[in-house]
Structures are given as C-alpha cells and as structure tokens.
Number of protein chains: 4
Amino acid sequence: MKVGVLTGGGDCPGLNAVIRSVVRKGVQEYGFDFVGLRDGWRGALQGKVVPLGIPSVRGILPRGGTILGSSRTNPFKDEDGVRRVQDTLAAHGVDALIVIGGEDTLGVATELSRQGIPLVGVPKTIDNDVFGTDYTFGFDTAVGVATEAIDRLHTTAESHMRALVVEVMGRHSGWIALHAGIAGGANVILIPERPFDIHQVCAWVQSRFEINYAPIVVAAEGAVPKGGQMILKDQTQDEFGHVRLSGIGEWLAQEISERTGADARTTVLGHIQRGGTPSAFDRWLATRFGLHAVDAVKDGDFGKMVALRGNRIIRLPLADATAQTKLVEPSLYDEFEVFFG
Amino acid sequence: MKVGVLTGGGDCPGLNAVIRSVVRKGVQEYGFDFVGLRDGWRGALQGKVVPLGIPSVRGILPRGGTILGSSRTNPFKDEDGVRRVQDTLAAHGVDALIVIGGEDTLGVATELSRQGIPLVGVPKTIDNDVFGTDYTFGFDTAVGVATEAIDRLHTTAESHMRALVVEVMGRHSGWIALHAGIAGGANVILIPERPFDIHQVCAWVQSRFEINYAPIVVAAEGAVPKGGQMILKDQTQDEFGHVRLSGIGEWLAQEISERTGADARTTVLGHIQRGGTPSAFDRWLATRFGLHAVDAVKDGDFGKMVALRGNRIIRLPLADATAQTKLVEPSLYDEFEVFFG
Amino acid sequence: MKVGVLTGGGDCPGLNAVIRSVVRKGVQEYGFDFVGLRDGWRGALQGKVVPLGIPSVRGILPRGGTILGSSRTNPFKDEDGVRRVQDTLAAHGVDALIVIGGEDTLGVATELSRQGIPLVGVPKTIDNDVFGTDYTFGFDTAVGVATEAIDRLHTTAESHMRALVVEVMGRHSGWIALHAGIAGGANVILIPERPFDIHQVCAWVQSRFEINYAPIVVAAEGAVPKGGQMILKDQTQDEFGHVRLSGIGEWLAQEISERTGADARTTVLGHIQRGGTPSAFDRWLATRFGLHAVDAVKDGDFGKMVALRGNRIIRLPLADATAQTKLVEPSLYDEFEVFFG
Amino acid sequence: MKVGVLTGGGDCPGLNAVIRSVVRKGVQEYGFDFVGLRDGWRGALQGKVVPLGIPSVRGILPRGGTILGSSRTNPFKDEDGVRRVQDTLAAHGVDALIVIGGEDTLGVATELSRQGIPLVGVPKTIDNDVFGTDYTFGFDTAVGVATEAIDRLHTTAESHMRALVVEVMGRHSGWIALHAGIAGGANVILIPERPFDIHQVCAWVQSRFEINYAPIVVAAEGAVPKGGQMILKDQTQDEFGHVRLSGIGEWLAQEISERTGADARTTVLGHIQRGGTPSAFDRWLATRFGLHAVDAVKDGDFGKMVALRGNRIIRLPLADATAQTKLVEPSLYDEFEVFFG
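Residues numbered from 1 in each chain as written. Chains lettered and ligands numbered in written order. Predicted model: local features only at pLDDT ≥ 70, side-chain atom pairs only at ≥ 80, totals over all residues. Heavy atoms only, no water.

**Some words on the overall build of chain A**
Working step 1: Across its full length, chain A holds 12 helices and 13 strands.
Working step 2: Taking 20 Å as the expected radius of gyration for a compact globule of 341 residues, we find that chain A reaches 22 Å, a close match to that expectation.
Working step 3: Along the first, second and third principal axes, the C-alpha atoms of chain A reach 65 × 40 × 30 Å.
Working step 4: Counting only residues that meet the buried cut, chain A has 65% of its 341 residues in that class.
Working step 5: Taking as baseline every contact in chain A between residues at least 6 positions apart, the subset at least 24 positions apart corresponds to 74%.
Working step 6: Total accessible area computed for chain A in this model is approximately 11,000 Å², and 47% of it derives from carbon and sulfur atoms.
Working step 7: Of the charged side chains in chain A, 34 are positive and 40 negative, and the gap between their average positions amounts to 6 Å. (Helix = DSSP H or I, 4+ residues; strand = E, 2+ residues; numbered from the N terminus. Rg over C-alpha atoms; globule rule 2.2 N^0.38 Å. Buried < 20%, exposed > 50% of the residue type's maximum accessible area, 1.4 Å probe, protein only. Contact = heavy atoms within 4.5 Å. Areas by Shrake-Rupley, 256 points an atom, 1.4 Å probe, with all protein chains shown as cover. Lys, Arg positive; Asp, Glu negative; His and termini not counted. Charge placed at Lys NZ, Arg CZ, Asp CG, Glu CD.)

The following block contains the structure:
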C-alpha cells in the first residue's frame, strides 16, 4: 500500500512529529510505502510528489514547521482541481492520503472524501478551534510562548505603572487568549466569541491601578467591541483568504490611554506563536495522532479524522468535525470572571 | 463561612495557583474567609493556622512550591490525631477544608471525611497517578523539564556515540517516563507497570547503534527488571515513608555497558522535575481546580474531589479516587512500541 | 552612613539584582543604612523615599523590573530641580546616592555630581550602548529573547518560503540586532550605524530564496535606508522623549514584497525584550556591579561609574562614560558580512 | 588551500557554530577547501576524513554537539602517532588544521605545532578554564542550565524547609559553580580552588534556616574538604583519563544532615549541562572564534589560539595558553562572601 502525506495551512509546531510517527509505524509495522505531497494541496494539484522514508523523518520530532512545506492552495478553486488531484494520486500509485491541516485543509479533505478519495484527516491548528477534539497540537506551544511573553511583560508594566495590551492569535476563537491570559495572570481577556464593552475594559484597567498593580490586557486578534465602537484602522486579507481584523491591540491601547489617562502600550506577538520546537504536550499529541491515523488507513476506515477525547484517541467522521468551529463557550469564559479587574 | 486550606506531600508546580484561585473566588464571589494550615496535616495537628487573604495570594500564580509549606505528617499515625485536627478546626472556627495533595494526603482526607469533617479534595502530583482525573497539575511541568533534558542529552550521546540513561521520577507509575520519553524521542522507555527484560533493552540499544545513532534510555525510578535480574544496590525509605528503589539508572548503565560493550552513562534528573514555575497548562488546570473546589464548598458538596475529564472539571467521591492508583495501561504502552530500538 | 538608591529610565532585567547586592553588602559588610528613591529622579524631586533593608531585597534576584519603580523624570527640566533633589537628600539624611540607569539617567547623575552631590553610577540598558563598559546588564537577556524568537521564526519562514523581518530594539545602536541576528542565523542584519541600501537587502533576500532557504531579516528599530529612500509612516516621541522611528520592520516587509515578489511578513518583538527574569549572565554582572558600586561609596570615590572590562569591574569617571554613546564599529559589523545573503 | 577541521574532548554547545563559521568564511571569502577529521585526533590517526562543504554546515548553528564527532584519543600515546597524523594530512592534501578543543586537545595541538604541523587552535570547554581567554563557548550555556535548575530547586527547598545540594561540573575549576551559584542565589558555593571547612558549611546552612529560608549549596564536582575530612566513596577514571572525585554532592548532603539535623538532598546535574542548543552568547562567541581562526590560517599565523579579551578576539601562542589552567582567583571568590550563609 502506498500512502501520501500532506500538510496544509499555516505552519504549526508538531507537524513533523505527525509525519514521523505516521511513517515510522506505517513502514515498520504495516510495510506501507510513503510519499509526500509538497506544499499542501498545491503538491496534489501540480504533481509535486517526493519520496518519504524512515531516513527522511530522522531527527524531525523536535523541529517546528513541516518538512513537506505548506500552502493555502484550494483545489476546488481550480475548475479541474479534483480531477488533477486524482490524476496525481493515480500517476504515483497513491492508494490513500493522510491529510494534516486545519479548518480549510480538512474542509477540502471532507469534500474530496465525499468524491471518493480514500483519506484520513489529522486536525492541526494553533488556534485549537477544530470541532470534535479536546485539543489540537500546536496550541499548547502557542499558549506557552504567549504565557512566557505575558510573564515578561508584567515586570515592565509594574516598573512603569503602565497598562500593557498583548495581542495574541485567534481570528475566530479565543482559545489562545483565554488560556494564556489565565496562565499569565491577565486582568482583562478579550475574545471574539464575546464582544467587549470598552467602558468595562477601562473600568477593569482602572481598578487594577487603584490597588497599585499594573494591568495586562490580553486580546485575541479577532476580539471586537460591542456594537461597532471600533472603527478598524486596517482590514486586510490574510494568507488564507480570511479577512484579518488588524490593529485591535493598537486600538485598545489608544482607547485605554485616552479614556483613563494611563500610559498604555501594545505588543503584538505575531508569528513567534506558531514556530519553533513543539512543547512536550504537543509532541505527545502529534505523535499519537500520527500513530492512530496510520491505523485508520490500515483499517480502511476512510473519511475519518483522529481526535483527542480525554486521554483516548478516537476517530470521528470528517464531515462532523468540519461542519462547525469549536468556540469558547460562554460558561467557560464566565468561570474566570473573578480574575478580571 | 470560614474555609481552611492545606497542601500536603511533595511540592508540585501549581500548588500556589490553586491556593490563589480558591481565595480569589471564595472571597470575591462568596464572601468566605480563609485560613491556611501550615505544612500539610502537621498544621492541622499542631494548630499552626495563618490568615489567608487576597493580599497573601498576589503574585503567586507563576511561583513553584507552596506558600503554605508542606509535610508528610499523617494524623492517623497519632493516636489522638483526628480529635486534634477537629480541635484545631473548632478553635479557629473553620467550617470546611480544601485539601490539596496526592495519594497519601487525599487518603487521609478520605478517612477524615468519613469521620465527618467537611472537606473537598484537589488532586496534586507530578506523577499523574491519581485515579479519576485525566491529568494532575505539576505533571506537565515535570514532563517539560524531563523532555528538555532529553533534548539536551541527544547531542552528547551522538557526539560520543554513547548510550545515555535518564532516570526520571515515578515510583509506582511510568507517566513521566512515557510522556517525556515519547516527546524526547527516546529509544527505550522503562516503566514500573511493565517489568523489563534486560536482554531486550540491550538489543534495542544495539539496534540503535547499528544505524549510527546513539540510544537514549528513559527509565522511571520504579522500573524493575523481570524476575529479579537486578540486585538493588540501595534501598531507602523516602520522605513519604515509601521504599525507594534507588539506582535503577546507574544499574542500567552498568548492565548496558557490560553486556553490549558500549559506553553508557546515567543522568538522574531528581528534584529539578518538581520545582520552579509551572507550565501554562499546569497553571490553567490548577486555577480551574481551585475555582471548582471552592464551588463545591459553596454547594456543601463535601467528600468530593475535583477532577479533569476531557475539557470539563467534574466532582467525584474522594473514596473512589483514592481506592486505586492510575497506572499506565498496557495498551497505551504498546502503542509506542514502534519507536523502541 | 545612609545611602539612597534609585533606578531610572526603561526597565531592564537585572535592576533588582543590583539593588539586592548593594544592600546586602552595604548592610552586612559596611553597616550602611539604605533608602530607596521611588520612580527614578521623580522620587528625588518629590521626596518619595522608602526604607530599604535586607528584608526588602529577599527573593528579588531572579525578578525582572525594579522594586523601586522607574520614570523618565529629568530634574534639570525643573527650574528648581537640583535644589529639590538636595533638599530631599538632606531631609532624609542621605549621604550618598547609587544611581542605576542608562544614558539619560546617568547624564543627570553626571551633572548632579558636578554640582556636588556624592554619587556613584551603575550602567543599565538593554541596548548595550553605554560607553566605557564591555557590556551592560539586561542586554544578554534581550539578546536571548530575540534569538529564541528568531529560532522560532525560521521554521515558519521555511514552511511557507517567506521572508520574515524581525524588528528588535535599538534606536541609536545595533547591538541587539547584531548579536541576535548572528546568534539566530539571520541573512540580513540592519543597524542604525550603517544606513542600508534597499537594493542590496533585496538582493540578499533573493539569493537566499535561490538556494531554497527562506530569509530572515533582523532590523534594529533605528535602522535607516541610505539617502532617505524611506518615507517614515509614523514618527512619535517615545517615553523617554526621543523621536522613535516607527515602522521600519513593516516598511521593509512591504518593500521586499514589492521589489522581489516574495511573500514577506514582520514581527515586532517589542517589550518582551526588556521584561522578565534576567539571564544568568545578567544576574552575575548586575550582582558584581552592585558590589563594586557600594565599595566605591565606601571608598568615597564619587562621580564614578562601575564598568566591565574583560572579567574585571573597574571604575571610570561618569563624565567620560556619558560623553558619548558606544556604537557598533564598522569593523565589527563587517566581520559578519560573510553570513549575509 | 585545503584545511582540516577537528573537534576533540567532551562535547560542548557551540562546536557546530565554530565549524559553520570556519567553513562559511573559508569557502566564500578565501576559496579554501575543507575536510573534517572524524572523532577528534582519532580521525587524524586513522585517516577518517570526510568532505566538509557549505551544504554540510547548513542549519547546524543552533545544534548542540558536533557534526564531526569527538573522542579523547591522544596521538602521543601511540608510538607512531605523530607520523600517522602527518601521513593522514599528506594523504588528503591537508595544508593546515583548525583544532577545536579543551585543555587536552589543545595540549596535543601545541606539541604537534612544535613538530611542524601548521595549525590554529580554538578553545572549547564548558568549564571555562582555558588560560588566556576571558570566556570559552559552552560555558554560558552550562551556567544557564545550572542556574535554571537552581531556580527550580529553590521552591522545593522552601516548601519542605530542606537543604538542597546541587553538584555541578568542574573537576579542576569552580567557574560553573561560582557563576551559577551567584546567579541562582545560592547560600554556599564550593569550588576546587578553595578547600572547604565542613563546619563552616554547616554554620552557613544553619544561619539560613534560622531566618526561615532553605539553603541551597552549589558544589563543583571537584570541590574538596580541607585536610581530608572527606573519605571519598568512589574514585573513578573518567572518559578523559582524569581521576573523577565522585560523590561530593552526596557526601555533603549526608554530612549536613548528620551535623545539623536538617533534611538534606542532592541533585547531580550531570550531562544536561553540556548538551543542547547553545545560548545566544555562546553562538556569538563560537561564531567569532571560527571567523578569526580561519583568518589566522589565511595569514599563515600558525601555532596560535584565538581568544576573547573584552570584546575583541585576539591570537596568542598556543604554548602560552596550554601551559596553565585558568582558575578562579581567591579575590574573585571573596567578592561574593557576603552572600554566603
């Protein structure tokens, strides 16, 4: 059996750990052959196919990024896309695919699976918003980087009695902001799922100053004020074609400064959240996802995605996982309200 | 309502995060008063009770250890123990206890609860072997420290073509060894739940050398050879009264060296696994445990322990949790066999 | 003898380590009394003076920021400033000052010393640009944070074959950019001391892509193009009253993108470079600076600054140190040219 | 010109950074050819020579260990050694050597240089005890690892009011112990250069307990008690043929425990101090050493060693550097006495 592997979407710590465990178990235990499709779906469209054996995956467990490259290419934007993917698989004798990606990449996989391509999905996103799995790998690393940054910013904030706004990743969901904000001892946490009231934010900021501490505000990049209080300075399409609400951190610092009279600054963490060596948790999770994905291929159990539930890895229909986004529930956010202000 | 808080057993990253969230929510939301019992059950026996207010818990979230101190004192080893604990609570007007500890501390709590003391348990151990919860806080930090150490040891092993044995914590369970071993790309992982065959270990070590890589062997301190192949050099009682099997790492390096002719060395990670700032994951988990524990007190839901299931915090009877130890299941260990050798 | 201590300017990892060693040695060895002047020169102007004993400095060695607070207040901007500082010292019986600060704070100290105030200076800046000392504390920590960020960004750059621009601190000098860029394996390093040619930058970027690697460009915030090729998007006064050249990172990414056709992004590291726990090197240096500063006070050797030369701590006239800025010499920059492109 | 490169002795973070900068500058700027001699002097003896071009050094800057392997082989222990080294160089047309190593490796280089082999030395040791250079690369990384471990151990010590002994590397010199001990806030620091009085150690330990803090004792592995108060449990020859004084940490914990009645434990940091990614400082220093070593070859300035003096890289005669070991001077140790106890 020959199995193709591809990684799509934004890079994410743990991608290489998945590739490694897929190949190690597939070759050693099941005698599979592997090839890599370069740069996500682009490789499938353009026939960029590379050999993928055990020597290729030596030493990659602790490395960030992906040895297979990635892209945001969507084969359905090409009239002939599906046929071209099928041609590539046929030309290289690929019997099944393991597709490692986030919302967009797995959405494509779901549709290709419906059209008969045998594949198994592995959820990947630092944003943690894939439905059906307790966690995605990459998220723990991103939260760790953001928390360490918040730890560092506390001392600057205190030394100058200044409000610091930290903008973290999360266009549609506030998982990174919530986890890093709680772990970092933030005083305000703003997430896309819960439009915020700028007056409330300023009240929290001020109550913190009143007890002689300096407030840290953690905002997901997709956080938005209630009822359009914000006029966005900048609206751009990001690398995945999504509209990116830019400047929430900068906007918040200005508003806080103007409304409270306090000194306020912003730090936008940006790409350092998504690169570098994966945390131990992410290496563990990514490794297990890989092992179970290759088992699903062995079982011929296609159209499925591996997922974490508690301590077990399960398989669920890809279509179920990609039908919705996993958002922060109101009750979870409310759990932490006692720390605000 | 006045609530007492105590931390027992070995120190563990996240203890302070629990204390902080208990006090913050208890005071701000429920109007509770708090006191701390110093040094675990010893404070309860000896009446060492200290005030515990919001100022006491400022800034402690990222700090390892416990501001309340800890000990392995067991009130049931004192004839009068239970009565003395009750006297202390009565003397200070303590209406309920929040007990943060591992197997031993929670075992005591279970029995005291049976005897009518209103209390709620919070599971704590870097070993991750408390039954009924997916994870305990402290474990992720310990695994992170051990994984970083293994990452470092790889380069030394490769530069000298030498086998390196890393002894990690885990007297009764192999959770740290298994997680850190997988995350660190170890070639052999030995855990107490699965007595090992030294010939198999040496075969794995040699097969690694044969492909020109240097093997890393991760062994839980409680790992044991099958059928008593090992004569323990040293057997001591540890601080918690348990027999400590000392020297498994040293023994392994000697055996590997003698049997394979390769150069082999040992590193015993020791206490650096249990101290220092908690990881973001542990801060998150410990904070949530604290919030839910104080809710249980508010609800009068005593004799319970908070626990993690998937992404939810549940309560389960303390007696259920302390009736057994959570061991690594054979099927989980076998999942990773492909990486050995 | 009563000694006053103050910390001025931007916060910097190691300030607390200096305060601690000053107080420990001063009290234990020389029997001095200490007070702290809050928030830099502002405390000296406004009489904000706090007791400073050994208990105040317990546990602060590893903590970022400054327990004394900081500000950019300049007593010479106040007509009566010098007299008010003298009044504060007289009112509290302060016999001598230890002044810990960067260019601005030490500039004030130099002038006050000329006017007869007995004081000793300790150089502090993450920028490393104080003249007369091989290193200032805080710099090593900042370089470490920036290097770790660059390490992380490499994997993102490679996975997407994208140019990444990292903007680091350094308004007037390129020390952080040069050290972190070399340590992080950057392909282009731009510093204020050496105006750059955007065509050359793009040529280096392209030559990197040509060998199938993704370029990392490290730019000090004060880097400028030759002959005004850049129209600055934004010019603001920073917290210390300096003009801040904002947007060099963003500008570079746009230019690179337009001129080479490659995808290019920017990460602005910002305040995470100046906060948090100091590196071992900075704790060592800050501790020694503190010990030698209090020795200088003991010796009555005022108007001096402690400085590092090789492995020795020396004293030099404050006036010599503050007469100029320590810039990156052309020959040092040229040493690394082989790594560009 | 063809240049051979070898790395000898214990592995050390930064070796790869030297190799990379030697090759990058040698090839790009001077048009040199390079070969690697495998496993230190063993490769020179046995003719194990491998090609070494720019592709071989891509991506190795942040990696610990050495891509060339290492050993403690001494060609002078072989009757014919020198001739065999000369034969290897002749057989492969090697015109000059760059020898990266510590005391032993450079000692061999000094002698070979005397016998006419054109070579340049680069000092390497985590112990920092090569004479003539302010620092050696690897040392800063080792100190950083040890300091982080001490940071972690503080919280365990405090939580249990226990003395913790940390044994760090340093057979002949106490540089790591002194730097990490000062940076980590240790209460006792023991180094080989200064035989200790166990009564004094215990007095310091007790004085720390008396103010309700828990003592941390940092001991270099080569630390020895005055006048033979210690009976060594174990004396072994280490991998470099030196006698290794084993068990100083364990011995200290036992003595402290018996003499003071306090609970005392030991952590032996071991090999984690010498592996893994180099710190930014070490990457910078190693890179510069490499650049200057290849310049010395270009200049035909053989029999020299590159060294750090302040911020400059100089060349000094190998014979001067290897004639003695750089020990911690009494005056430097005494500088920190105020922190003991």
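**Notes on the UniProt feature "site: Important for catalytic activity" (unreviewed entry) in chain A**
Residues and elements named next belong to chain A.
Working step 1: UniProt's feature table lists "site: Important for catalytic activity" (unreviewed entry) at Lys 124, given in the numbering used throughout.
Working step 2: Here Lys 124 shows up in the loop between β5 (119-123) and α6 (139-160).
Working step 3: Note on Lys 124: relative accessible area 4%, which makes it buried.
Working step 4: In this structure Lys 124 touches Gly 8, Gly 9, Gly 10, Cys 12, Leu 15, Ile 100, Gly 101, Gly 102, Thr 136 and Phe 137, once residues within four positions along its chain are discounted. (UniProt positions renumbered as here; feature names shortened; annotations may be inferred.)

**Looking at the relation of the copies chain C and chain A**
Working step 1: Screw-axis analysis of chain C against chain A gives a translation of 0.0 Å along the axis, an RMSD of 0.0 Å, and a rotation angle of 180°. Taken together, the rotation and translation describe the operation of a two-fold axis.
Working step 2: Of the residues that chain C buries at the interface, 100% are likewise interface residues in chain A, meaning the two copies contact each other through the same surface. (Least-squares fit on C-alpha atoms with pLDDT ≥ 70 in both.)

**A look at the interface of chain A and chain B**
Working step 1: With 39 residues of chain A at the contact, the number on the chain B side is 39 residues.
Working step 2: Here chain A meets chain B over a buried area of about 3,600 Å², counting both sides, of which 59% is carbon and sulfur.
Working step 3: Run the count over chain A and chain B and you get 4 salt bridges.
Working step 4: In this structure, the salt-bridge partner of A:Arg288 is B:Glu335, at a minimum N-O distance of 2.8 Å.
Working step 5: Within the residue set of the side of chain A that touches chain B, elements represented by two or more residues are α1 (15-30), α6, α7 (175-183), α10 (280-298) and α12 (330-335) of chain A.
Working step 6: It is α10(A) that contributes the most residues to the side of chain A that touches chain B, 8 residues altogether. (Buried area = accessible area lost by both parts, 1.4 Å probe. Salt bridge = Lys/Arg side-chain N within 4 Å of Asp/Glu carboxyl O.)

**With respect to the relation of the copies chain A and chain B**
Working step 1: Each copy superposes on the other: chain A lies on chain B with an RMSD of 0.0 Å after a rotation of 180° and an axial shift of 0.0 Å.
Working step 2: An overlap of 100% is found between the interface residues of chain A and their copies at the interface of chain B, pointing to a shared contact surface.

**Here we look at the sheet that holds strand β3 (residues 49-51) of chain C**
All names here are of chain C.
Working step 1: The 7 strands are arranged β3-β2-β1-β4-β5-β12-β13 in an open sheet whose pairing can be described as mixed. Both outer strands of the open sheet, β3 and β13 (312-317), are each paired with one neighbouring strand and no more. Going across the sheet, the axis of each strand differs from the next one's by a mean of 30°, ignoring polarity.
Working step 2: Against the sheet, helix α10 (residues 280-298) engages β1 (2-7), β2 (33-37), β4 (96-101), β5 (119-123), β12 (304-309) and β13, with an angle of about 50° to β13. (Pairing = 2+ DSSP bridges. Axes fitted to C-alpha atoms, helices over the stretch in contact; angles between N-to-C directions.)

**What to know about α10(C)**
Working step 1: If you check α10(C), its first and last C-alpha atoms are 27 Å apart, about what 19 residues at 1.5 Å a residue would give, namely 27 Å.
Working step 2: C:Gly300 lies just past α10(C) and shows a positive phi near 65°. (Expected span 1.5 Å × (residues − 1).)

**Regarding the pattern of salt bridges**
Working step 1: Summed over all chains, the structure comprises 76 salt bridges over all chains.
Working step 2: Between A:Arg259 and A:Glu255 there is a salt bridge whose closest N-O contact spans 2.7 Å. Highlighted residues: A:Arg259 and A:Glu255, both in helix α9 (residues 248-260), separated by 4 residues, approximately one helical turn.
Working step 3: Using a relative accessible area of 40% as the deciding quantity, one classes A:Arg259 as partly exposed.
Working step 4: Of the charged contacts in the structure, one is a salt bridge between D:Asp39 and D:Lys48, with a shortest N-O distance of 3.0 Å.
Working step 5: Through salt bridges with shared partners, a single network forms among A:Arg38, A:Asp39, A:Arg42 and A:Lys48.

**Comments concerning the environment of B:Gly14**
Working step 1: Its place among the elements puts B:Gly14 in the loop between β1 (2-7) and α1 (15-30).
Working step 2: Those residues in contact with B:Gly14 that sit more than four places away from it in its chain are B:Phe137, B:Pro278 and B:Ala286.

**Examining the domain arrangement of chain A**
Residue and element names in this part refer to chain A.
Working step 1: Parsing chain A into structural domains produces domain 1 (2-137 + 278-321) and domain 2 (140-274).
Working step 2: In this structure, domain 1 and domain 2 have C-alpha centres spaced 33 Å apart.
Working step 3: Listed per partner, the contact involves 16 residues of domain 1 and 15 residues of domain 2.
Working step 4: Regarding the contact of domain 1 and domain 2, the summed buried area is about 1,400 Å², with carbon and sulfur atoms giving 50% of it.
Working step 5: Three residues, Arg 72, Ile 126 and Asp 127, lead the burial of domain 1 against domain 2; their summed loss comes to 39% of the area buried on that side.
Working step 6: If you look at where domain 1 meets domain 2, you find 1 salt bridge.
Working step 7: Residue Asp 11 pairs with Arg 274 through a salt bridge whose shortest N-O separation is 3.4 Å.
Working step 8: Taken together, domain 1 and domain 2 are joined by 6 residue pairs in polar contact (both at pLDDT 80 or more).
Working step 9: By residue class, the composition of the side of domain 1 that touches domain 2 is 6 nonpolar, 4 polar and 6 charged. (Domains from an automatic or database assignment. Polar contact = N/O pair within 3.5 Å; in protein donor to acceptor, adjacent residues only side chain to side chain. Nonpolar A, V, L, I, M, F, W, Y, C, P; charged D, E, K, R; others polar.)

**Remarks on the interface of chain C and chain A**
Working step 1: Taken residue by residue, the interface counts 30 residues in chain C and 30 residues in chain A.
Working step 2: A per-residue breakdown of the area chain C buries against chain A is headed by C:Arg152, C:His271 and C:Ile272, which together make up 28% of the total.
Working step 3: Our enumeration of links across chain C and chain A arrives at 0 salt bridges.
Working step 4: Taken together, chain C and chain A are joined by 16 residue pairs in polar contact (both at pLDDT 80 or more).
Working step 5: Those elements giving two or more residues to the side of chain C that touches chain A turn out to be α6 (139-160) and β11 (264-268) of chain C.
Working step 6: Element by element, the count of residues in the side of chain C that touches chain A is highest for α6(C), at 10 residues.
Working step 7: For the side of chain C that touches chain A, a count of residues per class yields 6 nonpolar, 17 polar and 7 charged.

**Let's talk about the side chain of A:Ser159**
Working step 1: The topology assignment puts A:Ser159 in helix α6.
Working step 2: The buried category is assigned to A:Ser159, whose relative accessible area is 2%.
Working step 3: Here the side chain of A:Ser159 touches C:Thr66 through a polar contact of 3.1 Å, landing on its backbone nitrogen.
Working step 4: Once residues lying within four places of it in the same chain are set aside, the contact partners of A:Ser159 are C:Asp11, C:Gly65, C:Thr66, C:Gly69 and C:Ser70.

**Points about the packing of aromatic side chains**
Residue and element names in this part refer to chain A.
Working step 1: Tallying each qualifying case throughout the model produces 41 aromatic pairs over all chains.
Working step 2: Seen in terms of ring centroids, Tyr 135 and Phe 281 are 5.6 Å apart; in terms of plane orientation they differ by 80°. Their pairing is edge-to-face. Taken as a pair, Tyr 135 in the loop between β5 and α6 and Phe 281 in helix α10 lie far apart in primary sequence, 146 residues in all.
Working step 3: Its relative accessible area of 11% is what places Tyr 135 among the buried residues. (Phe/Tyr/Trp six-rings, centres within 6.5 Å; stacked < 30°, edge-to-face > 60°.)

**Some remarks on helix α6 (residues 139-160) of chain B**
Residue and element names in this part refer to chain B.
Working step 1: Taking 1.5 Å as the rise per residue, α6 with 22 residues should run 32 Å; its terminal C-alpha atoms sit 32 Å apart, in good agreement.
Working step 2: Burial runs high along α6: 18 of the 22 residues are buried.
Working step 3: Met 161 sits one or two positions beyond α6 and adopts a positive phi of about 45°.

**What about unusual backbone geometry?**
Working step 1: In this structure, A:Asn128 takes a positive phi of about 65° despite not being glycine.
Working step 2: You can see A:Asn128 is positioned in the loop between β5 and α6.

**Side note on the sheet that holds strand β6 (residues 163-168) of chain A**
Residues and elements named next belong to chain A.
Working step 1: Strand order in this open sheet of 4 strands is β7-β8-β6-β11, and the pairing throughout is parallel. In this open sheet, the two edge strands, each paired with only one partner strand, are β7 (188-190) and β11 (264-268). Ignoring strand direction, the axes of neighbouring strands in this sheet form an average angle of 15°.
Working step 2: Looking at chain direction, β6 and β11 are connected through 5 bridges and run parallel. Note on β11: the bridge partner recorded for Val 165 is Thr 266.
Working step 3: Strands β6, β7 and β8 (216-220) of the sheet are contacted by α7, whose axis makes an angle of about 170° with β7.
Working step 4: Relative to the sheet, α9 contacts β6, β7, β8 and β11, its axis offset from that of β6 by approximately 160°.

**Quick word on the pairing of β2(C)**
Residue and element names in this part refer to chain C.
Working step 1: In terms of burial, β2 is a largely internal element, 4 of the 5 residues being buried.
Working step 2: Where β1 and β2 come together, 4 bridges link them in parallel fashion. Among the inter-strand pairings, Gly 4 is bridged to a residue of β2, identified as Val 35.
Working step 3: Traced from β1 through helix α1 (residues 15-30) to β2, the parallel crossover comes out right-handed.
Working step 4: Across 3 bridges, the pairing between β2 and β3 is antiparallel. Residue Leu 37 lies in a different strand from β3, and its bridge partner there is Val 49. (Right-handed = clockwise from strand over helix to strand, strands pointing away.)

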